[in-house]
Amino acid sequence: MSPKVSLQTSKLPEALAASVKANIEDWRAGDKVRRFWQHDASLWTGTDEANWMGWLDITAQQIAQSDKLRGAVADVKKENFSDILLLGMGGSSLCPDVLAVTFGRIAGFPQLHVLDSTDPAQVKAAENKVNLAKTLFIVSSKSGTTLEPNIFKQYFFERTKQTVGADKAGSRFIAITDPGSKMQQVAEADHFRHIFPGLPCIGGRYSALSNFGVVPGALMGLDMNRFLARTQEMVEACGAGVRVEQNPGVLLGIILGTAARSGRDKLTLIASPKISALGAWLEQLVAESTGKQGKGIVPVDREDIGPPAVYGNDRVFAYVRLESAPDKAQDAKVAALEQAGHPVVRIPLGDIYDLGQEFFRWEIATAVAGSIIGINPFNQPDVEASKIATRNLTTEYEKTGSLPAENPALEDRGVKLFTDTVNADALAKAAGSDKTLAGYLRAHIKRAGAGDYFALLAYIQMNTEHETLLQKLRLALRDRKRVATCLEFGPRFLHSTGQAYKGGPNSGVILQITCDDAADLPVPGQKYTFGVVKAAQARGDFQVLAERGRRALRIHLGKDLAAGLDRLAAAFHQALT
């Protein structure tokens, strides 16, 4: 009996379809699916790829170890926790966030929340959502050395000690981390309730089906036996013995990799409203895996579907449709894209318990696309560069009590613009006599042409109000310029799409948005605060963007964020006229 999986369909322009067909034949003739499952690094760059493919077998391992997981769930449930707050970044937080948003609160279990931002308002908002006396914390960090989970732990461990007492605090914490990591040592010293191991052979963004995704899912009440059994069906459907054209993950990867090489490198993600959170996980997987060495795929998430005419020839659309709760308006818009000749891949999802199938399908697809593009899909060199730049700045703060001084390229009614010398000279020349915020924004926006994308990278609290305002800006720009747009909140995207913005194709025009925090929060044991860390992350990332020769501009809105955003919106719309 064939496995029960959702088989995608695609409608591609003639030239792209012919190239896909040729690559299918290449994979068939080269026996590449079997070699893929044998961890053959020569499919990529012939370096260390074989060391990072433990995710291929993890689902079966999780099923075999399900008794241990059930025991932990029972142990946690007897404590009657009201909430779980997961503290992590990137691969350790995005899958749990998809599960938390999609499944919501499950009767009889604590509600899962995720914190993945150093923005002080975001940290405080996460704290205010939960009852500290009845909350279980999951500190999720593969390496155990990642800055953000470590300072989240420091903050919430101190707050928990203040709430329930130092002798009980450790029993309110769980760690998920690789064996022998610094976080394991901290967890043992602080008497954490449980420590769940990661696998060193699985990178963070491929870890959704490992303990980093499965443990939070189980603790929030998912039927993990059902979830993993369904996932295993996709594993088998993508197996070494399945023909290329019938292999869901491999075929999707060939389409995406071929499209990228032909210039269609803006993967536009569309998901039914109930599963819209899936896009944030997908964009990390795709961007961080493929965006390097000047190559790669730039994922576009949460960009509302427009009429076909607003899209250029650099797009490929992937529509993940929840069959149990489809959106008719979405269906009609996707059909219009197909009829206009845009390439569309359709992936039907039976119900939300099939999300594990999508995690695995897309992991296979992303690795296959990486082979076709010609990069190592398991490293992230430019993410590391930003981390180093940030660490240098926070170290400076610990020594001196301040971050290095900056000189704005322009100041206009309390809003300051910063950039490097090369970008400053180019923008000043393009702005001419219009030395205003709108003038510089107009000059910056004009830099985006056919085949480019415009990214709004906002280091402010991620909430509905801010997202609504920034979504209006990105859509107005897309419709005016016919370029792909990205909207990300920092610093969470640094462990996600940030790799592609710095290391992928140099086709991005980037507007970084920062502010002075109205209220800050201390990091116990450090001079620096959460606000200082966020500022260092923004400045460190901008430094690497400039070093990589990216077209980038930073707008600093000051302490009155609402007023600053209003000025930005007014100037942005003026710049588009």
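Residues numbered from 1 in each chain as written. Predicted model: local features only at pLDDT ≥ 70, side-chain atom pairs only at ≥ 80, totals over all residues. Heavy atoms only, no water.

Caption draft 1: How the structure looks around the pairing of strand β5 (residues 173-177). Burial within β5 is extensive, with five of its five residues counted as buried. Because side chains alternate across β5, one face comprises the buried residues Phe173, Ala175 and Thr177, and the other comprises Ile174 and Ile176, equally buried. Taken together, the four bridges between strand β4 (residues 135-140) and β5 define a ladder with parallel strand orientation. Looking across to β5, one finds that valine 139 is bridged to alanine 175. (Buried < 20%, exposed > 50% of the residue type's maximum accessible area, 1.4 Å probe, protein only. Helix = DSSP H or I, 4+ residues; strand = E, 2+ residues; numbered from the N terminus. Pairing = 2+ DSSP bridges.)

Caption draft 2: View of the sheet that holds β5. Taken in spatial order, the five strands line up as β3-β2-β4-β5-β6 in an open sheet, and their pairing is parallel. Every other strand in the sheet has two partners, leaving β3 (111-115) and β6 (194-197) as the edge strands with one partner each. For this sheet, the mean angle separating the axes of adjacent strands, direction not counted, is 20 degrees. (Axes fitted to C-alpha atoms, helices over the stretch in contact; angles between N-to-C directions.)

Caption draft 3: Seen up close, helix α15 (residues 355-373). Between its first and last C-alpha atoms α15 spans 26 Å; for 19 residues at 1.5 Å apiece the expected length is 27 Å, and the two agree. Of all 19 residues in α15, 19 are buried; the element is thus mostly enclosed. (Expected span 1.5 Å × (residues − 1).)

Caption draft 4: Representation of the nonpolar core within the structure. Ranked by internal contacts, the top residues of the largest apolar core, which has 96 residues, are Phe36, Trp55, Phe227, Trp281, Phe360, Trp362 and Ile364. Here this core gets 11 residues from one element, more than from any other, and that element is α15. Formed by 38 residues, the second largest nonpolar core is a distinct cluster that contains Leu427, Ala448, Ile513 and Ile555. (Core = buried A, V, L, I, M, F, W, Y, C linked by side-chain atoms within 4.5 Å.)

Caption draft 5: The arrangement of the pairing of strand β13 (residues 453-458) in detail. Burial of β13 is extensive: six of the six residues sit out of reach of the surface. Alternating residues of β13 divide into Tyr453, Ala455 and Leu457 and Phe454, Leu456 and Ala458, and every residue in both groups is buried. Here β13 runs beside strand β14 (residues 484-489); their pairing, made up of six bridges, is parallel. Counterpart to phenylalanine 454 in the pairing with β14 is threonine 485. As a crossover connection, the stretch from β13 through helix α19 (residues 464-481) into β14 is right-handed. (Right-handed = clockwise from strand over helix to strand, strands pointing away.)

Caption draft 6: Structural view of the sheet that holds strand β15 (residues 508-514). Pairing within the open sheet is mixed, and its six strands lie in the order β11-β12-β16-β15-β13-β14. Each edge of the open sheet is held by one strand with a lone partner, namely β11 (410-412) and β14. When the angles between neighbouring strand axes are averaged without regard to direction, this sheet yields 15 degrees. As paired elements, strand β12 (residues 415-418) and strand β16 (residues 551-556) share three bridges and run antiparallel to each other. Within the sheet, the bridge partner assigned to phenylalanine 418 lies in β16 and is arginine 554. Along the sheet face, α19 touches β13, β14 and β15 and points at about 160 degrees away from the line of β14. (Contact = heavy atoms within 4.5 Å.)

Caption draft 7: The environment of aspartate 40, seen in detail. Checked against the element boundaries, aspartate 40 lands in the loop between α2 (32-37) and α3 (58-64). Taking the C-alpha atoms as reference, aspartate 40 lies 41 Å from glutamine 111; in sequence the two are 71 residues apart. Here the side chain of aspartate 40 touches serine 42 through a polar contact of 2.6 Å, side chain to side chain. (Polar contact = N/O pair within 3.5 Å; in protein donor to acceptor, adjacent residues only side chain to side chain.)

Caption draft 8: Broad picture of the pattern of salt bridges. Using the criterion set out here, one finds 41 salt bridges in the structure. Among the salt bridges present, the one from aspartate 382 reaches arginine 548, with a minimum N-O distance of 2.8 Å. You can see aspartate 382 sitting in helix α16 (residues 381-400) and its partner arginine 548 sitting in the loop between α21 (530-547) and β16, a full 166 residues away along the chain. If you follow the salt bridges from partner to partner, you end up with Asp75, Lys78, Glu79 and Arg193 in one network. (Salt bridge = Lys/Arg side-chain N within 4 Å of Asp/Glu carboxyl O.)

Caption draft 9: Quick look at the packing of aromatic side chains. For the structure on display, the rule yields 23 aromatic pairs. Ring centres of phenylalanine 137 and phenylalanine 173 lie 4.8 Å apart, and the angle between their planes is 15 degrees; this geometry places the pair in the stacked category. Here phenylalanine 137, found in strand β4, pairs with phenylalanine 173, found in strand β5; they are 36 residues apart in sequence, far enough to count as distant. Judged by its relative accessible area of 0%, phenylalanine 173 is buried. Following the ring pairs from residue to residue traces out a cluster consisting of Phe137, Phe152, Tyr155, Phe156, Phe157, Phe173, Phe192 and Phe530. Over the ring of phenylalanine 109 we find lysine 77, and its NZ or CZ is 4.2 Å from the ring centre. Directly above the aromatic system of phenylalanine 157 lies the positively charged group of lysine 153, at a separation of 4.2 Å from the ring centroid. (Phe/Tyr/Trp six-rings, centres within 6.5 Å; stacked < 30°, edge-to-face > 60°. Lys NZ or Arg CZ within 6 Å of the ring centre and 35° of its normal.)

Caption draft 10: Local environment of the packing of helix α7 (residues 147-164) against α21. Relative to each other, α7 and α21 sit at 175 degrees, their axes nearing to 12 Å. Taken together, the axis directions place α7 and α21 in an arrangement best described as roughly antiparallel. When α7 is examined against α21, the residues Leu147, Glu148, Ile151, Phe152 and Tyr155 are found in contact with a partner set consisting of Phe530, Val533 and Gln537. Among the residues forming the contact of α7 with α21, the class breakdown is six nonpolar, one polar and one charged. (Parallel < 35°, antiparallel > 145°, perpendicular 65-115°, else oblique. Nonpolar A, V, L, I, M, F, W, Y, C, P; charged D, E, K, R; others polar.)

Caption draft 11: Expanded view of the environment of valine 139. Tracing the backbone shows valine 139 in strand β4. Distance from valine 139 to isoleucine 195, taken between C-alpha atoms, is 9.5 Å for residues 56 residues apart in sequence. Apart from residues lying up to four places away in sequence, valine 139 is in contact with Leu87, Pro149, Lys153, Phe173, Ile174, Ala175, Ile176, Met183 and Phe192.

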